[in-house]
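Structural characterization, general
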Amino acid sequence: MKYIFVTGGVVSSLGKGVASASLGALLRARGYRVTAVKIDPYINIDAGTMRPYEHGECFVTASGAETDLDIGNYERFLDLDVPAGSNITTGQVYQEVIRKERAGDYLSQTVQVIPHVTDEIKRRIRAAGEKAGAEIVLIEVGGTVGDIESLPFLEAIRQFRFDEGDENVLFLHLTLVPYLGTSHEFKTKPTQHSVAALRSYGISPDIVMVRSKEKLPPEITRKIAQFTSVRENRVFSSYDVSHVYEVPLALEEQGLGKAVEDLLGLERTMPNLGVWTHAVKTMKQPANEVTIAIAGKYTAMPDAYLSMMESLTHAGIANDAKVNIKWVNAEELAEAGAGELEKQLGDADGILVPGGFGIRGIEGKIKAAEYARTHDVPYLGICLGMQVAVIEYARNVAGLPEANSAEFDQYAPDKVIDLMPEQLEVEGMGGTMRLGDWPMQLNAGTKIAELYGVPQGGTVTERHRHRYEVNPAYTDRLKTAGLTISGVTPGVQGRGAGLVESIEIGNHPYFVALQAHPEFKSRPMRPSPPFAGFVKAALKGQQAAG
Ligand code: GLN
């Protein structure tokens, strides 16, 4: 197994995840079995308990891990489902070391950062690679070189090279080269300092990758090479592009794939980059354009909905369309009268209500679902977006004006959305939801079954992350009122059988909602079926209107 470690310098939020994922894409395009590991040096066990407003979305893996959004980038760029254990945090490492200490595994020893913590870090990296059956493991170390909390990880990766040998371990350092508009200069000093800092921990980068506004001019590349002692043909420029899917192409053009093969002692192979060239071409010259209104809570932080937006992009590629997003603040919608509602949603070709937690913005989301239903606007509801659609239908069609979710009103007379029975005994908040891959049994003749390519009915799998469900006590009433329950959980190990997985409304151009999060499985080359169908319906509605 070969290992590529990616560290970052100068500032955070440089797009280290995208740059590493793009390198992964170049290796995948050459046929290597690649997997990715993201290290987050915070003490949380996982990303499930953090605010999306600060860290962006929590990405859910097939195994049910609640991870950093970069794992989502890796899955999309590498077209892979990462195995459990691919998002390593300080919390996990210490929890395990302390558990072993209590169990007596280190009896008579003094338990220390070196070697016990560093050994545990190395063990986790190797285990993730083995579980994936990978030839190359790409490991991104979160944070910035010099952060106190990253130190044990840097020490562990320094040792890694020593353990595995030079030809099996590659260090790539990503930094920022700012451009000063006033003096029209690229400034390399922060990069020099950052590489020097990395060396002070015993790590010499083999490749320096530079984030910059524009492609670096050769004299700047030369200067960086000189000051960092990294050869000029190993200094790469990851410059700003209009969409992240251009990054693999921009890096391949500079020879990154070849450089990595050379450094790891691999034979040079030809990449097949068709997926990326096709995606970029469609995105740059789309035949169509649609506008999707997203009624959400974190409208000022698009990263909180990263996978969903990527899924819309994938659906756009499949429909040869550019998808414009119109963010609609759900809290403001709640108070909106008919005129304001029309202003906010009237120009949208489709309305999407995403997943979410907590009462804030709920009434606005319910209004958005109502608007879509009554105005024949294509609607896609995801997780909470399905729950609000059910509440809306119960209130306005099924004659239950006080219908609500127990999440928002424990004392509501008609809790059409309620806690799942297995959630009643749950005590802690971390990793306790219904998480990860669960099957959905789709019914014959429904729109969703057709979208997933099982028109006669069948089972498909999507990722989940929720505590509440459609209350089984109300399904008959909802059905009588005309709501279609299009999918349910088949009995899996006795758990969850019959849970409503998806709904739809007949006599509507497209009203589809799922309890699951299909956005987590969408890929540039394989769009998520409900998203692709949604964008298609939005386009159709637009053509009909025009
Ligand atoms: N808050 C809802 C639940 O827990 C929806 C969750 C979500 O949208 N991810 O069931």
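Keep in mind the model is a prediction, meaning the values are calculated, not measured.

This part takes up the UniProt feature "binding site: UTP" (unreviewed entry) in the chain. Residues annotated by UniProt as "binding site: UTP" (unreviewed entry) correspond here to Ser12, Lys187, Thr188, Lys189, Pro190, Thr191, Gln192 and Lys223. The annotated residues occupy 212 residues of the chain and do not converge on a single region, their most distant C-alpha atoms lying 23.1 Å apart. When the annotated set is filtered for residues lining the largest pocket, what remains is Ser12. Here lysine 187 is to be found in the loop between strand 9 (185-186) and helix 7 (189-200). Once residues within four sequence positions are removed from consideration, lysine 187 is found in contact with Val177, Pro178 and Leu180. Here threonine 188 lies in the loop between strand 9 and helix 7. Relative accessible area serves as the criterion here: at 4%, threonine 188 is assigned to the buried category.

This paragraph deals with empty space enclosed by the protein. If you walk through the whole model with that rule in mind, you get one cavity of 30 Å³ or more. If you add up the space inside the largest cavity, you get close to 50 Å³. Lining the largest cavity are Tyr42, Ala47, Met50, Arg51, Pro52, His55, Gly56, Glu57, Cys58, Asp68 and Leu69. Considering only residue class, the lining of the largest cavity consists of six nonpolar, two polar and three charged.

Taken together, Gly355, Gly356, Phe357, Cys383, Leu384, Gln387, Glu407, Arg465, His466, Arg467, Tyr468 and His517 are the residues near the ligand. Separating an oxygen atom of the ligand from a side-chain N or O atom of glutamine 387 is a distance of 3.0 Å. Relative to its free-state accessible area of 300 Å², the ligand is covered by the protein chains to the extent of 99%. The pocket occupied by the ligand, as judged from atoms lying within 2 Å of grid points, is the second largest pocket. Those elements that provide at least two residues to the shell around the ligand are helix 16 (384-396) and strand 19 (458-466). Residue composition of the shell around the ligand, by class: four nonpolar, five polar and three charged.

Analysis parameters
- Residues numbered from 1 in each chain as written.
- Predicted model: local features only at pLDDT ≥ 70, side-chain atom pairs only at ≥ 80, totals over all residues.
- Heavy atoms only, no water.
- UniProt positions renumbered as here; feature names shortened; annotations may be inferred.
- 1 Å grid on protein atoms, 1.4 Å probe; cavity = no way out; pocket = protein on both sides within 12 Å on 5 of 7 lines; lining within 4 Å.
- Helix = DSSP H or I, 4+ residues; strand = E, 2+ residues; numbered from the N terminus.
- Contact = heavy atoms within 4.5 Å.
- Buried < 20%, exposed > 50% of the residue type's maximum accessible area, 1.4 Å probe, protein only.
- Points joined across faces, edges and corners; volume = space filled by probe spheres on them.
- Nonpolar A, V, L, I, M, F, W, Y, C, P; charged D, E, K, R; others polar.
- Near = heavy atom within 4 Å.
- Polar contact = N/O pair within 3.5 Å; in protein donor to acceptor, adjacent residues only side chain to side chain.
- Areas by Shrake-Rupley, 256 points an atom, 1.4 Å probe, with all protein chains shown as cover.
- Sits in = over half its atoms within 2 Å of the grid points.

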